[in-house]
Amino acid sequence: MSDNPAAELLNLVEQLEGWLQYQNRLGLAGVPRARAARPRPRAKEEAPVISLDQVREELGDCRRCKLSRSRTHIVFGTGDPRARLLFIGEGPGEEEDRQGLPFVGAAGQLLNKMLAKMGISRGEVYIANVVKCRPPGNREPESDETTQCLPFLLKQIQAIRPRVIVTLGRVATQAVLDTQTPLTRLRGKFQRWGQIQVMPTFHPSYLLRFPRERHKTWEDMQQVMERLAQND
Ligand code: SF4
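Each value, and the rule that gives it
Residues numbered from 1 in each chain as written. Predicted model: local features only at pLDDT ≥ 70, side-chain atom pairs only at ≥ 80, totals over all residues. Heavy atoms only, no water. 1 Å grid on protein atoms, 1.4 Å probe; cavity = no way out; pocket = protein on both sides within 12 Å on 5 of 7 lines; lining within 4 Å. Points joined across faces, edges and corners; volume = space filled by probe spheres on them. Helix = DSSP H or I, 4+ residues; strand = E, 2+ residues; numbered from the N terminus. Buried < 20%, exposed > 50% of the residue type's maximum accessible area, 1.4 Å probe, protein only. Pairing = 2+ DSSP bridges. Core = buried A, V, L, I, M, F, W, Y, C linked by side-chain atoms within 4.5 Å. Expected span 1.5 Å × (residues − 1). Near = heavy atom within 4 Å. Sits in = over half its atoms within 2 Å of the grid points. Nonpolar A, V, L, I, M, F, W, Y, C, P; charged D, E, K, R; others polar. Contact = heavy atoms within 4.5 Å. Axes fitted to C-alpha atoms, helices over the stretch in contact; angles between N-to-C directions. Lys, Arg positive; Asp, Glu negative; His and termini not counted. Salt bridge = Lys/Arg side-chain N within 4 Å of Asp/Glu carboxyl O. Polar contact = N/O pair within 3.5 Å; in protein donor to acceptor, adjacent residues only side chain to side chain.

S.K.: Would you mind showing me how to read empty space enclosed by the protein here?
M.R.: Any empty space left between atoms is shown by rolling a water-sized probe over those atoms. Counted under the stated rule, the structure contains one cavity of 30 Å³ or more. A volume near 110 Å³ is recorded for the largest cavity. In this structure, the largest cavity is lined by 15 residues; those nearest its centre are Leu59, Cys62, Cys65, Cys133 and Cys149. In terms of residue count, the dominant contributor to the lining of the largest cavity is helix α5 (residues 143-160) (three residues).

S.K.: Just to check I follow, could you spell out the pairing of strand β3 (residues 126-129) for this structure?
M.R.: A regular strand carries its side chains on alternate faces of the sheet. Neither face of β3 is left uncovered, since the one carrying Tyr126 and Ala128 and the one carrying Ile127 and Asn129 both have all their residues buried. Relative to β3, strand β1 (residues 78-79) runs antiparallel, the two being bridged by two bridges. Residue pairing in the sheet places glycine 79 in a bridge with tyrosine 126 of β3. Pairing between strand β2 (residues 85-89) and β3: four bridges, direction parallel. In the strand pairing of β3, phenylalanine 87 is matched with isoleucine 127.

S.K.: Even after reading the chapter, I still don't get the nonpolar core, so can you show me in this structure?
M.R.: Counting 33 residues, the largest nonpolar core has Leu86, Ile88, Tyr126, Val130, Leu153, Ile157 and Ile165 as its most contacted members. Going through the elements one at a time, α2 (52-59), β2, β3, α5, α6 (170-177) and β6 (196-201) are the ones with two or more residues in this core. In terms of residues, this core owes the most to one element, α5, which gives seven residues.

S.K.: Could you clarify how one ought to interpret α5 in this entry?
M.R.: At 3.6 residues per turn, the α-helix brings residues three or four places apart onto the same side. Over its 18 residues, α5 runs 25 Å from end to end, which matches the ideal 26 Å to within 8%, given 1.5 Å per residue. Taken together, the buried positions of α5 are occupied by Glu145, Thr146, Cys149, Leu150, Phe152, Leu153, Gln156, Ile157, Ala159 and Ile160. Two residues or fewer after α5 comes arginine 161, characterised by a positive phi angle close to 50 degrees.

S.K.: Mind showing me how you'd approach the site of the ligand here?
M.R.: Every residue close to the ligand is listed here: Leu59, Cys62, Arg64, Cys65, Leu67, Ser68, Arg71, Lys132, Cys133, Gln148 and Cys149. With respect to the detected pockets, the ligand is housed in the largest cavity. A breakdown of the residues in the shell around the ligand according to their chemical character gives six nonpolar, two polar and three charged.

S.K.: What am I meant to see in the sheet that holds strand β5 (residues 191-193) here?
M.R.: Two pairing modes exist for strands in a sheet, parallel and antiparallel, and in both the strands are linked by backbone hydrogen bonds. A sheet is described by the order of its strands in space; here six strands give the open sequence β1-β3-β2-β4-β6-β5, paired in mixed fashion. On the outer flanks of this sheet lie β1 and β5, each paired with one strand and no other. Looking at chain direction, strand β4 (residues 164-168) and β6 are connected through five bridges and run parallel. Residue pairing across strands places threonine 167 opposite proline 200, the latter belonging to β6. The sheet strands contacting helix α9 (residues 214-230) are β2, β4 and β6, and the helix crosses β6 at an angle near 170 degrees.

S.K.: Sorry, what's going on with the side chain of glutamate 96 here?
M.R.: In this fold, glutamate 96 is placed in helix α3 (residues 94-99). In this structure, glutamate 96 is buried with no salt-bridge partner, the nearest side chain bearing the opposite charge being arginine 134 at 7.0 Å. A polar side-chain atom of glutamate 96 sits 3.0 Å from the main-chain amide nitrogen of glycine 105. Ignoring any residue separated from it by four or fewer positions in sequence, one finds glutamate 96 in contact with Val75, Leu101, Pro102, Phe103, Val104 and Gly105.

The analysis is restricted to geometry; functional conclusions fall outside its scope.
What follows is the structure in structure tokens.
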């Protein structure tokens, strides 16, 4: 500590004055002020290139693949059209086909529980499937069916522009990411679909069969919540 604080302060002022004169000679008019952080435009504030209504209209009474022959309803998807979180499953089951809504059967109940644990209501997210008509006997969609239906899901993603997509199960994960990499290698690690973060995890139907695996999906959802919080 100095014996003479007033002299020390005067010395500091003189040093500062000298530094400002030096800056002036360099052509700088003053001390640059810290630039206020400019809020980044949020993706969903920009106008989407296509709306969900337009995608639904384009889909129409779709007969593009053989799944149309046995369906009761097209299960287009449901939820907030501007959701920050989008869940994508494989295809409608029996109950979904009957009601025309995704994830309303037993797997849907488990998804609801997961959402409740995350503190998110179903109305805040959007839920869709890779194929929009029920594969008979709940078999996996065949490649020609996925090829016909996937473009509509991709347009739905473009319309919603969520921050994070959660792909539920192998079929949805491989279709969205356009990969043959096994789910076991992708699960729990963020991937990308353009600028959107994609978290592959288990399908709720699988978790109903193997409840001991549920903690892994919960760990994945915790990562999703952290990523959503970072993007706020
Ligand atoms: S599954 Fe998709 S492509 Fe096939 S008929 Fe249904 S809506 Fe059309």
